[in-house]
Amino acid sequence: MTAPAILVEHVRKSFGEVTALDDVSFKVERGEVFALLGRNGAGKTSTVRILTTNSTPDAGRAEVLGLDTVRQAAQVRNRIGLTGQYAAVDDNLTGRENLRLIGRLTHVPRRELADRVDGLLDRFGLTEVADRPVKGYSGGTRRRLDVASALVHKPPVLFLDEPTTGLDLESRLALWDMVKELVAEGTAVLLTTQYLEEADRLAQQIAVIDGGRVVAEGSPAELKAKVGASVVEIGFAQEELVRQAADLLTRLEGSAPQREGTVLRLNADDGAAATMRAMTILDAHSLMPTTLALREPSLDDAFLALTAHTGESA
Ligand SMILES: Nc1ncnc2c1ncn2[C@@H]1O[C@H](COP(=O)(O)OP(=O)(O)O)[C@@H](O)[C@H]1O
Ligand SMILES: [Mg+2]
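Predicted model only: the values in this text are computed from it and were never measured.

### Describing the site of ligand 1
The environment of ligand 1 is made up of Phe15, Val18, Ala20, Arg39, Asn40, Gly41, Ala42, Gly43, Lys44, Thr45 and Ser46. Backbone polar atom of Gly41 to an oxygen atom of ligand 1: 2.6 Å apart, as the coordinates give it. Measuring from an oxygen atom of ligand 1, one finds a backbone N or O atom of Thr45 at 2.8 Å. Out of a free accessible area of 560 Å², ligand 1 has 60% covered by protein chains. Secondary structure elements with two or more residues in the shell around ligand 1: strand E2 (18–28) and helix H1 (44–51). Counting residues per element, the shell around ligand 1 draws most heavily on H1, at three residues. Here the residues of the shell around ligand 1 are counted per class, giving four nonpolar, five polar and two charged.

Next up, the structure:
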């Protein structure tokens, strides 16, 4: 049996008083995009640092392609690509020079290197700026070069730690396309993100991490089935109305809405229809809301919905 691309088993990591990872386990199959989805401080980078041999677990173990990240660290490093960290880009060199330099450092055969670099520049839309110094690049262009630099030695496993945070929409879409192409060629990708939408678009499997623990895991469809496709928020002027409305909506939808102050929140698969049903029944009971909003679920909504049943929400 071939080993999975990534295996994390019961990993713990503390920094002094802070528990960054508290018994984290997950598995990434070869050729799969796996998203580690969580807010700032959830433990995403701590996980990536252990898997990329830049940090060691206090307990538990991590493997890449069956290789232990502590005992076989050098072999792991030869098989992975990581954006943003050790593939650091030199500002004074051009994009092309940077990629060639990384190729030499990672022992790409000399006769293959020029073609490989040209191919990456082309695929990442960098051909036009390839011979300009990196210091003049925009943020999005620099990020694309950063990802390209992680791919020079064709790693079978790629780590992307929040690759699109801070990027404009166009650069984000371009990066998403690149990730999809890589995966079509068989690269396994561990992506960390704060964006539910990003995990949904790219990943076959998602682990939601919060406070150093995996609080939910599944395919995007499985997680969305729990969160709902949209969120309906209905606000009232008075406490008394909220209570009555919550009772009605619980009976209507079969589950209790979340309540925050005088706002009730419904997670629904059929947002518009759910809104209509709610308004109809509230109107029939003369419970007039003061505010009404229908929107896509945010990461916070996902956490509320996904952690509601585990009893582990903060
Ligand atoms: N080197 C460190 N020293 C002290 N605390 C750290 C260190 N690295 C991470 N932490 C803490 O561990 C927790 C998880 O951090 P991190 O893995 O960087 O989260 P994320 O990448 O999801 O934002 C946070 O509370 C963070 O402050
Ligand atoms: Mg981080």
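### Let's talk about the packing of aromatic side chains
Two numbers describe a pair of aromatic rings. These are the distance of the centres and the angle of the planes. Tallying each qualifying case throughout the model produces one aromatic pair. With centroids separated by 4.9 Å and ring planes inclined at 15 degrees, the aromatic side chains of Phe26 and Phe34 adopt a geometry described as stacked. Taking NZ or CZ as reference, Arg172 lies 4.3 Å from the ring centre of Tyr195, over its face.

### Let's talk about the environment of Lys27
Looking at the element boundaries, Lys27 is found in strand E2. Look past the residues within four positions of Lys27 in its chain and what remains in contact with it is Pro4, Ile6, Leu7, Glu32 and Phe34.

### A look at the nonpolar core
Among the nonpolar cores identified, the biggest contains 46 residues, and Leu99, Phe124, Val179, Val189, Ile206 and Val208 are the most heavily contacted of them. Examining the composition of this core, we find that six residues originate from one element, helix H6 (residues 169–184), more than from any other. Dropping the residues within four chain positions of it, Val179 is found in contact with Val33, Leu160, Val189 and Leu202. Ranked by size, the runner-up nonpolar core spans 27 residues in total, among them Ala5, Ile6, Leu36 and Leu82.

Calculation criteria
- Residues numbered from 1 in each chain as written.
- Chains lettered and ligands numbered in written order.
- Predicted model: local features only at pLDDT ≥ 70, side-chain atom pairs only at ≥ 80, totals over all residues.
- Heavy atoms only, no water.
- Near = heavy atom within 4 Å.
- Polar contact = N/O pair within 3.5 Å; in protein donor to acceptor, adjacent residues only side chain to side chain.
- Areas by Shrake-Rupley, 256 points an atom, 1.4 Å probe, with all protein chains shown as cover.
- Helix = DSSP H or I, 4+ residues; strand = E, 2+ residues; numbered from the N terminus.
- Nonpolar A, V, L, I, M, F, W, Y, C, P; charged D, E, K, R; others polar.
- Phe/Tyr/Trp six-rings, centres within 6.5 Å; stacked < 30°, edge-to-face > 60°.
- Lys NZ or Arg CZ within 6 Å of the ring centre and 35° of its normal.
- Contact = heavy atoms within 4.5 Å.
- Core = buried A, V, L, I, M, F, W, Y, C linked by side-chain atoms within 4.5 Å.
- Buried < 20%, exposed > 50% of the residue type's maximum accessible area, 1.4 Å probe, protein only.

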